[in-house]
Amino acid sequence: MSPGPVPGAVTIGTIGRGETAATVRVLNAAFLDDPITRAVGPRRRRHRAAINPLSFTGILLASRRHGGRVLVARRGGAVIGVSITFDPGAWPLHEGAVTYELAWALAAGPLPVRRGLAFARLVRDAHVSHPHHYLWFLAVDPAEQGRGAGRALLGDLHRRADADGLPTYLETGTMDNVAWYAACGYRTLSELRLAGGEPLWRMERPAAATE
């Protein structure tokens, strides 16, 4: 039996030295059965669980090197959540950053790579063009979901966006997430469809007035 959540308050801070592996574990656990992750593949869950950490490790490193902001939520010193965001003008990643996917691509095989490239093109082509803060990833350890870590990470992003007077933008492929983000002030801009028919929702939250 896995241990339960560690008691204590949730704290938010920049990812620290030595926390990459723990943060990758959170991302992998949170997105392992995500509809978009399943659609891109690999289709076998065991295969995804084995190789997706390669992709998430690359995503973390590329984000930190190319203008992304990586925050982690901690409880009792343990990493339980992560957000990867980009300030206005910092997205998409520099072309030289695409090497973060190479290790995953070699392990995943040609079909997941083809689906992944198609998904990336779909997301980039539909990305809003006006200035905004972008939420690329928000993940919370499944054992900690519903206990405040996600809202704490999102709150940090919203405070920065509100201070700039700019909206925040994201995509999600999970209906439950659509309702959750709506409760956090987001509205759905449109619904996209992957080649296999899986839906992807584009959502945006307007800036709140600040004193």
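All of the points below concern the structure found in this document. This is a predicted model, so every value here is computed, not measured.

## Examining the sheet that holds strand 2 (residues 68-75)
The strands that make up a sheet are held in pairs by hydrogen bonds between backbone atoms, and each pair lies either parallel or antiparallel. Sheet architecture is open: seven strands sit in the order 1-2-3-4-5-7-6, paired in mixed fashion. This sheet does not close on itself; its edge strands, each paired only once, are strand 1 (10-14) and strand 6 (187-193). Each adjacent strand pair in this sheet contributes to an overall mean axis angle of 25 degrees, direction not counted. Bridging between strand 3 (residues 78-86) and strand 4 (residues 133-140) involves six bridges; their strand directions are antiparallel.

## Notes on the packing of aromatic side chains
Within the structure shown, the criterion is met by 11 aromatic pairs. Note on Phe56 and Phe137: the rings are 5.9 Å apart at their centroids and 80 degrees apart in plane angle, and the pair reads as edge-to-face. One end of the pair, Phe56, is in helix 3 (residues 45-65); the other, Phe137, is in strand 4, and 81 residues separate them in sequence. A relative accessible area of 7% means that Phe56 is categorised as buried. According to the relative accessible area criterion, Phe137 is buried, its value standing at 13%. Taken together through their ring pairs, the aromatic side chains of Phe31, Phe56, Phe86, Trp91, Tyr134, Trp136, Phe137 and Tyr169 make up a single cluster.

## So, the pattern of salt bridges
Oppositely charged side chains are able to pair whenever their charged atoms sit close together. Tallied over the entire structure, the rule returns 10 salt bridges. Glu144 is the salt-bridge partner of Arg147, the closest N and O atoms lying 2.8 Å from each other. Here Asp162 makes a salt bridge to Arg205, at a shortest N to O gap of 2.9 Å. With Asp162 in helix 6 (residues 149-164) and Arg205 in strand 7 (residues 199-205), the pair connects residues that are 43 residues apart, well separated along the chain. With respect to burial, Asp162 and Arg205 carry one shared label: buried. Through salt bridges with shared partners, one network takes in Arg69, Asp87, Asp156 and Arg160.

## Structural notes on the environment of Thr14
Looking at where Thr14 falls in the secondary structure, it is placed in strand 1. Counting along the chain gives 56 residues from Thr14 to Val70, while the straight-line C-alpha distance between them is 6.1 Å. Sequence-distant contacts of Thr14, defined by excluding residues within four places in its chain, comprise Glu19, Val70, Leu71, Val72 and Arg74.

## What about the side chain of Asn28?
Structurally, Asn28 is set in helix 1 (residues 20-31). By relative accessible area, which is 11% here, Asn28 ends up buried. Within the structure, Asn28 has its side chain in polar contact with the backbone oxygen of Ala49 (distance 3.3 Å). Excluding its chain neighbours within four sequence positions, the residues that come into contact with Asn28 are Arg48, Ala49, Asn52, Pro53 and Phe56.

## Focus on the pairing of strand 7
Counting buried residues in strand 7 gives six out of seven residues, a clear majority hidden from the surface. One ladder, built from five bridges, connects strand 5 (residues 168-172) with strand 7; its direction is antiparallel. Bridging from a neighbouring strand, Glu171 pairs with Arg202 of strand 7. Here strand 6 runs beside strand 7; their pairing, made up of six bridges, is antiparallel.

## Some details on the side chain of Arg205
Given a relative accessible area of 10%, Arg205 falls into the buried group. For Arg205, the side chain forms a polar contact with the side chain of Asp162, separated by 2.9 Å. Leaving out residues up to four positions away in the same chain, Arg205 has contacts with His158, Asp162, Pro167, Thr168, Cys184, Gly185 and Tyr186.

## Examining the nonpolar core
Counting residues in each nonpolar core, the largest one holds 36 residues, and the members touching the most others are Leu27, Val82, Ile84, Trp136 and Phe137. Elements supplying a minimum of two residues to this core: helix 1, helix 2 (35-40), helix 3, strand 2, strand 3, helix 4 (102-108), helix 5 (110-126) and strand 4. Apart from residues no more than four positions distant in its own chain, Trp136 is found in contact with Ile59, Ser63, Ile84, Phe86, Trp91, Leu93 and Tyr100. The next biggest cluster of nonpolar side chains, apart from the first, holds 17 residues, and it includes Ile80, Leu138, Leu157 and Trp201.

Thresholds, definitions, all that
Each chain carries its own residue numbering, running from 1 in the direction its sequence is written. With pLDDT at 70 or above as the cut-off, local features in this predicted model cover only qualifying residues; side-chain atom pairs require 80 or more to be listed or tallied, and sums for whole chains, interfaces and linings still use all residues. Note that water and hydrogens are dropped before the side-chain values are worked out from all heavy atoms of the structure. Strands qualify as paired when DSSP identifies two bridges or more between them. To qualify as a helix, a DSSP run of H or I must reach at least 4 residues; to qualify as a strand, a run of E must reach at least 2; elements of each kind are numbered from the N terminus. Axis geometry follows a simple rule: fit a line to the C-alpha atoms, using only the stretch in contact for helices, then measure angles between N-to-C directions, giving values from 0 to 180 degrees. Working definition: rings of Phe, Tyr and Trp (its six-membered ring) pair if their centres are within 6.5 Å, and the pair is stacked with planes under 30 degrees apart, edge-to-face with planes over 60 apart, and tilted otherwise. Classification of residues uses two cut-offs on accessible area relative to the type maximum, computed with a 1.4 Å probe and protein chains only: under 20% is buried, over 50% is exposed, and between them is partly exposed. By definition, a salt bridge exists where a carboxyl oxygen of Asp or Glu is found within 4 Å of a side-chain nitrogen of Lys or Arg. Between two residues, a contact is recorded if the distance between any of their heavy atoms is within 4.5 Å. Definition of a polar contact: a pair of N or O atoms within 3.5 Å, with one able to donate and the other able to accept a hydrogen when the atoms are protein atoms, and with sequence-neighbouring residues admitted only if both atoms are side-chain atoms. In this text, buried Ala, Val, Leu, Ile, Met, Phe, Trp, Tyr and Cys residues form a nonpolar core when linked through side-chain atoms within 4.5 Å.

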